[in-house]
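# Notes for the structure review
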Amino acid sequence: MTTSLPTVGHLIGGKIITIGSRSQDVFNPATGKAEKRVLLADKTTVELAIANAQAAFPAWRNTPPLKRARVMSNLKVLLEQHAEELCALITAEHGKVLSDALGELQRGIENVEYASYAPELLKGEHSKNVGPAIDSWSEFQPLGVAAGITPFNFPAMVPMWFFPIAIATGNTVVLKPSPYTPLATLQVGALLNEVLPKDKVVERAYRDAEVVEEFAKRKVKTWSSEEDNQLLELYQRFPKKWGEIAAQMVDRNDNQCLHRYRRLSQLGKSLASHGRS
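Because the structure is predicted, anything quoted here is derived from the model rather than measured. (Residues numbered from 1 in each chain as written. Predicted model: local features only at pLDDT ≥ 70, side-chain atom pairs only at ≥ 80, totals over all residues. Heavy atoms only, no water.)

### Overview of the overall build of the protein chain
What counts here: Strands here mean DSSP runs of E at least two residues long; helices mean DSSP runs of H or I at least four residues long; both are numbered from the N terminus. For every residue, the accessible area (1.4 Å probe, protein chains only) is compared with the maximum for its type, and the residue is labelled buried under 20%, exposed over 50%, or partly exposed between those bounds. Contacts: residue pairs with any heavy atoms within 4.5 Å of one another. Computed by Shrake-Rupley with a 1.4 Å probe, the accessible areas treat only the displayed protein chains as cover when residues are assessed.
Along the protein chain, the regular secondary structure elements total 10 helices and 11 strands. Out of the 277 residues in the protein chain, the part that is buried amounts to 45%. Taking contacts inside the protein chain between residues at least 6 apart in sequence as the whole, the part at least 24 apart equals 71%. In the structure as shown, the protein chain presents an accessible area of about 14,000 Å², 53% of it carried by carbon and sulfur atoms.

### Considerations on the packing of helix H2 (residues 65-81) against helix H4 (residues 98-115)
Note the cut-off: Simply put, an axis is a line fit to the C-alpha atoms, just over the touching stretch for a helix, and the angle between two N-to-C directions goes from 0 to 180 degrees. An angle below 35 degrees is treated as roughly parallel, one above 145 as roughly antiparallel, one from 65 to 115 as roughly perpendicular, and anything else as oblique. Here a crossing is called left-handed whenever its near helix is offset anticlockwise from the far helix by less than a right angle, and right-handed whenever the offset is clockwise. Note that Gly is not counted as nonpolar here; it falls among the polar residues with everything else outside the nonpolar set of Ala, Val, Leu, Ile, Met, Phe, Trp, Tyr, Cys and Pro and the charged set of Asp, Glu, Lys and Arg.
Two elements in contact, H2 and H4, have axes separated by 8 Å at closest approach and are oriented at 160°. Judged on the interaxial angle alone, H4 and H2 are roughly antiparallel. Of the two elements, H2 crosses H4, and the hand of that crossing is left-handed. Across the interface between the two elements, Met72, Leu75, Lys76, Leu79 and Glu80 from H2 touch Leu105, Ile109, Val112, Glu113 and Ala115 from H4. Here the contact of H2 with H4 is composed, by residue class, of 7 nonpolar, no polar and 3 charged.

### Side note on helix H3 (residues 83-94)
Heads up, the condition is: Multiplying 1.5 Å by the helix residue count minus one yields the expected span of that helix.
With 12 residues, H3 extends 16 Å from end C-alpha to end C-alpha; this agrees with the ideal 16 Å at 1.5 Å per step. The inward-facing, buried residues of H3 contact strand E4 (23-28), H2, H4 and helix H7 (183-195). Just past H3, the residue Gly95 takes up positive phi, approximately 105°.

### Overview of a nonpolar patch on the surface
Keep this limit in mind: Think of a patch as exposed residues, more than 30% relative accessible area, with no salt bridge, where like charges cluster within 9 Å and nonpolar side chains (Val, Leu, Ile, Met, Phe, Trp, Tyr) cluster within 5 Å. One speaks of a salt bridge when a side-chain nitrogen belonging to Lys or Arg is within 4 Å of a carboxyl oxygen belonging to Asp or Glu.
Taken together, the side chains of Tyr114, Tyr117, Leu121 and Ile165 make up a nonpolar region of the molecular surface, amounting to roughly 350 Å² of accessible area. Along the polypeptide, Tyr117 turns up in the loop between H4 and helix H5 (118-121). Residue Tyr117 is classed as partly exposed on the basis of its relative accessible area of 42%.

### A few points about the pairing of strand E8 (residues 145-149)
Put simply, the rule is: Here a crossover is taken to be right-handed if, once the strands point away from the viewer, the path from the first strand over the helix to the second is traced clockwise.
In terms of burial, E8 is largely enclosed, as 5 of its 5 residues are buried. Residue alternation in E8 divides its side chains into two sets, Val145, Ala147 and Ile149 and Ala146 and Gly148, and both sets are buried. Taking the sense of rotation as the criterion, the β-α-β connection linking E8, helix H6 (residues 157-168) and strand E9 (residues 172-176) turns out right-handed.

### Topic: the packing of aromatic side chains
Pairs of aromatic rings are described using the distance from one ring centre to the other and the angle between the two planes. Our working rule: Working definition: rings of Phe, Tyr and Trp (its six-membered ring) pair if their centres are within 6.5 Å, and the pair is stacked with planes under 30 degrees apart, edge-to-face with planes over 60 apart, and tilted otherwise.
Per the stated rule, a full pass over the model turns up 2 aromatic pairs. Residues Tyr114 and Tyr117 carry aromatic rings whose centres are separated by 6.4 Å and whose planes lie at 80° to one another, so their mutual orientation is edge-to-face. Owing to a relative accessible area of 43%, Tyr114 belongs among the partly exposed residues under this scheme. Residues Trp161 and Phe162 carry aromatic rings whose centres are separated by 6.5 Å and whose planes lie at 75° to one another, so their mutual orientation is edge-to-face. The exposure class of Phe162 is buried, given its relative accessible area of 11%.

### Side note on the pattern of salt bridges
The tally for this structure, following the rule as stated, stands at 6 salt bridges. A salt bridge links Arg37 to Asp25; its shortest N-O distance comes to 2.2 Å. Taken together, the residues span a long stretch of sequence, with Arg37 in strand E5 (residues 33-39) and Asp25 in strand E4 at a distance of 12 residues. Looking at Arg37, the relative accessible area reads 8%, which means it is buried. Residue Glu120 pairs with Lys123 through a salt bridge whose shortest N-O separation is 3.1 Å. Glu120 sits in the exposed class, given a relative accessible area of 53%.

### Here's the deal with the packing of H3 against H7
With their axes 8 Å apart at the nearest point, H3 and H7 run at an angle of 155° to one another. In this view, H3 runs roughly antiparallel relative to H7, as classed from their interaxial angle. Listed contacts from H7 to Glu85, Leu86, Leu89, Ile90 and Glu93 of H3 are Leu183, Ala184, Gln187, Val188 and Leu191. Of the residues in the contact of H3 with H7, the class split is 7 nonpolar, 1 polar and 2 charged.

### Remarks on the sheet that holds E4
Across a sheet, paired strands are connected by hydrogen bonds in the backbone, their directions being either parallel or antiparallel. Formally: Paired strands, as defined in this entry, are two strands with at least two bridges between them according to DSSP.
An order of E1-E5-E4 is seen for the 3 strands of this open sheet, with the pairing classed as mixed. One side of each edge strand has no neighbouring strand; the edge strands of this open sheet are strand E1 (7-8) and E4. Summarising the sheet, E4 and E5 pair through 6 bridges and their orientation is antiparallel. The partner of Gln24 across the bridge, within E5, is Val38.

Fair warning: the whole summary comes from geometry, so function is off the table for now.
Written out as structure tokens, the structure reads:
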């Protein structure tokens, strides 16, 4: 085991935390050599990340949507300013060419821009006389701590599918990126911390199966995952929490469509066998 490689820690409470004994190599696909070691979170690390997110939630929930939206606007500016650096990190850890990395980053920035429209998106509705002496109204409220589980193949874009909307709508976030491609995600988190208030609202803990299990055990209000097998495993291990686990299913080609259809069919049969629809 290489011990002299630079260590990639967890971003918790606005600081890089290097706790835990488990780690794994981060390889450069162009050379096949390990260039860094990423720490893998354990139960203690996950509890610390969630506790920080829970502590930040009350104040962030009560922050006006306009101020939360300005955080996303400022993040968009920083992402564009640091685009070259972020694309170089994506290429170094994932292997995609710079033009593909730039396309990935741009799709992520578009989601950050969309989140900056939060004041308009969070408007409720009111209808009078929908029934005899009955008015109807609706409003949007933040849920609490949101957890994101993101894959290796789009280390910048996929996290930005999740956390910008979660944060702009008043939630706090614990994000579990892939340990194979942690560098770009960590740098996006560092840029986000530059525009967030003092009490940070996003945490990052690198993962393997142990972290997934700890997420399911803790007080995480909503889930988002791009990895079907993890969703199946979570349901099988924690069926009573299924209502809190949401999947983002994005089909990129025919083979993936077929693969996801089969996985979702398996999930549907599992749900049916437990009396759920």
